[in-house]
Amino acid sequence: MVLDDDSIESEGGLSYQEKSVIAYLITTAILYILYSLLVYRRYQVGDYDPAAAAQFLGRAILLLIGIQIVVQILTQIFLAIGSSVAARKEVDPSFEDERDKLISLKGTRNTFVAFGAGFILSMIALAAGMPATVTLVLIFIAMMVGDLTGELSKLVYYRRGM
Amino acid sequence: MAQSSVSNNIRKLRFYNGEMTQQQLADKVGVTRQTIVAIEKAQYSPSLELAFRIARAFNVPLEEVFTYDPEDDPA
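No experiment lies behind these values; they were computed from the predicted model shown.

*Asks:* Looking at this model, I keep getting lost on the overall build of chain A. Mind explaining?
*Replies:* Along chain A, the regular secondary structure elements total 5 helices and 0 strands. Helices and strands in chain A line up, N terminus first, as α-α-α-α-α. Out of the 162 residues in chain A, the part that is buried amounts to 33%. Carbon and sulfur atoms provide 71% of the accessible area of chain A, an area that totals close to 9,600 Å².

Structure (structure tokens):
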């Protein structure tokens, strides 16, 4: 029983949703690593007011969120352009259907679970008498890990099913 | 691979309905082609509403499209 879809299926590769998740993962991971190194370097050379260390970290986190939003918008734009330019049989979906929404929901759940675990860890550090800046750093790391966990789990759900 | 306990005859039904493509079926029931692929591979169990829309697209009862096998149910 040979159907016309078989030729599309045999193109193999990734769906648009999977490419979008992978693009997000790669750009986010690179951004997190580079930004963390930059902030850490500034911290090490003392390029901040020690009396306002918590403020320094707070600003660094807020700036990262803003940069990440811009980077992700640009990534999705370039992905959409690249996808439309590439000569392919298949038209990329222009909407989120029930499966996409369910995968997104499960990914968000996993993000919150990972972030929650990291948050508890930061509270344990605070309760153990560590400085507040350590707590902030742990929350920062928990945010990154949570974000990457959610996106990675979405990729798994798309590839292997739910 | 995560397998659903609900199996289906969608591929066969598409073939017998004028060799309907996955994209055509997806357009008829309002989902993406990737979702139809996932359903056919039993990697995703559609919602009740979507299941009924698929059955209606083929003009057959629900039971002719989907089969539930309790032995495959992990619960």
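That shown, we press on.
*Asks:* Help me out: how do you make sense of the overall build of chain B in this one?
*Replies:* Tallying secondary structure elements over chain B gives 5 helices and 2 strands in all. Listed N to C, the secondary structure of chain B is β-α-α-α-α-α-β in terms of helices and strands. Across chain B, every contact between residues at least 6 apart in sequence was considered, and the portion connecting residues at least 24 apart equals 59%.

*Asks:* Before we go on, may I ask you to explain the nonpolar core in this structure?
*Replies:* Where a protein is soluble and globular, its nonpolar side chains tend to be buried together. One finds I10(B), L25(B), V29(B), I54(B), F58(B) and V65(B) to be the most contacted residues of the largest nonpolar core, which totals 20 residues. Contributions of two or more residues to this core are made by α1 (10-16), α2 (22-29), α3 (33-40) and α4 (48-58) of chain B. The biggest single contributor to this core is α4(B), with 6 residues. If we skip the residues at most four places from it in the chain, I54(B) touches I10(B), V29(B), I39(B), V65(B) and F66(B). By size, the runner-up hydrophobic cluster in this structure holds 11 residues, among which are Y35(A), F56(A), I61(A) and M144(A).

*Asks:* How do you make sense of unusual backbone geometry when you look at a structure like this?
*Replies:* Glycine aside, a negative phi is what most residues show, and trans is what most peptide bonds show. Residues and elements named next belong to chain B. A positive phi is found at E19, a non-glycine position, where the angle reads about 50°. Despite not being glycine, A42 shows a phi value in the positive range, around 60°. Here A42 is to be found in the loop between α3 and α4. A relative accessible area of 11% places A42 in the buried class.

*Asks:* Just checking my understanding: could you explain the packing of α2(B) against α4(B) for this structure?
*Replies:* All names here are of chain B. Packing of α2 against α4 leaves a shortest axis separation of 9 Å and a crossing angle of 120°. Taken as a pair, α2 and α4 cross one another with a handedness that is right-handed. Along its contact with α2, which presents L25, K28 and V29, the element α4 presents L50, R53, I54, A57 and F58.

*Asks:* Please clarify how the pattern of salt bridges should be interpreted in this entry.
*Replies:* Side-chain pairs of opposite charge can arise where the charged atoms are in close proximity. Per the stated rule, a full pass over the model turns up 4 salt bridges over all chains. The shortest N-O distance in the salt bridge between E151(A) and K154(A) comes to 3.4 Å. Of this pair, E151(A) and K154(A) both sit in helix α5 (residues 132-160), separated by 3 residues, roughly a single helical turn. Just as E151(A) is buried, K154(A) falls in that class too. Residue E49(B) is joined to R53(B) by a salt bridge in which the shortest nitrogen-to-oxygen separation is 2.8 Å. Residue E49(B) and its partner R53(B) are both found in helix α4; the two are separated by 4 residues, about one turn of the helix. Given a relative accessible area of 31%, R53(B) falls into the partly exposed group.

*Asks:* Explanation requested: the environment of N17(B) in the structure shown.
*Replies:* Note that N17(B) resides in the loop between α1 and α2. Through-space distance from the C-alpha of N17(B) to that of A57(B) is 9.6 Å; in sequence the pair is 40 residues apart.

*Asks:* Looking at this model, I keep getting lost on the confidence of the model for chain B. Mind explaining?
*Replies:* Where the model shows low pLDDT, its predicted coordinates should not be examined in detail. All names here are of chain B. Here chain B averages 89 in pLDDT, while 89% of its residues score no lower than 70. Highest mean pLDDT in chain B belongs to α4 (95); lowest belongs to strand β1 (residues 6-8) (89). Reported confidence for the predicted complex is 0.85 by ipTM and 0.80 by pTM.

Rules and cut-offs
- Residues numbered from 1 in each chain as written.
- Chains lettered and ligands numbered in written order.
- Predicted model: local features only at pLDDT ≥ 70, side-chain atom pairs only at ≥ 80, totals over all residues.
- Heavy atoms only, no water.
- Helix = DSSP H or I, 4+ residues; strand = E, 2+ residues; numbered from the N terminus.
- Buried < 20%, exposed > 50% of the residue type's maximum accessible area, 1.4 Å probe, protein only.
- Areas by Shrake-Rupley, 256 points an atom, 1.4 Å probe, with all protein chains shown as cover.
- Contact = heavy atoms within 4.5 Å.
- Core = buried A, V, L, I, M, F, W, Y, C linked by side-chain atoms within 4.5 Å.
- Axes fitted to C-alpha atoms, helices over the stretch in contact; angles between N-to-C directions.
- Left-handed = near helix turned anticlockwise from the far one by under 90°.
- Salt bridge = Lys/Arg side-chain N within 4 Å of Asp/Glu carboxyl O.
- pLDDT = per-residue confidence, 0-100.

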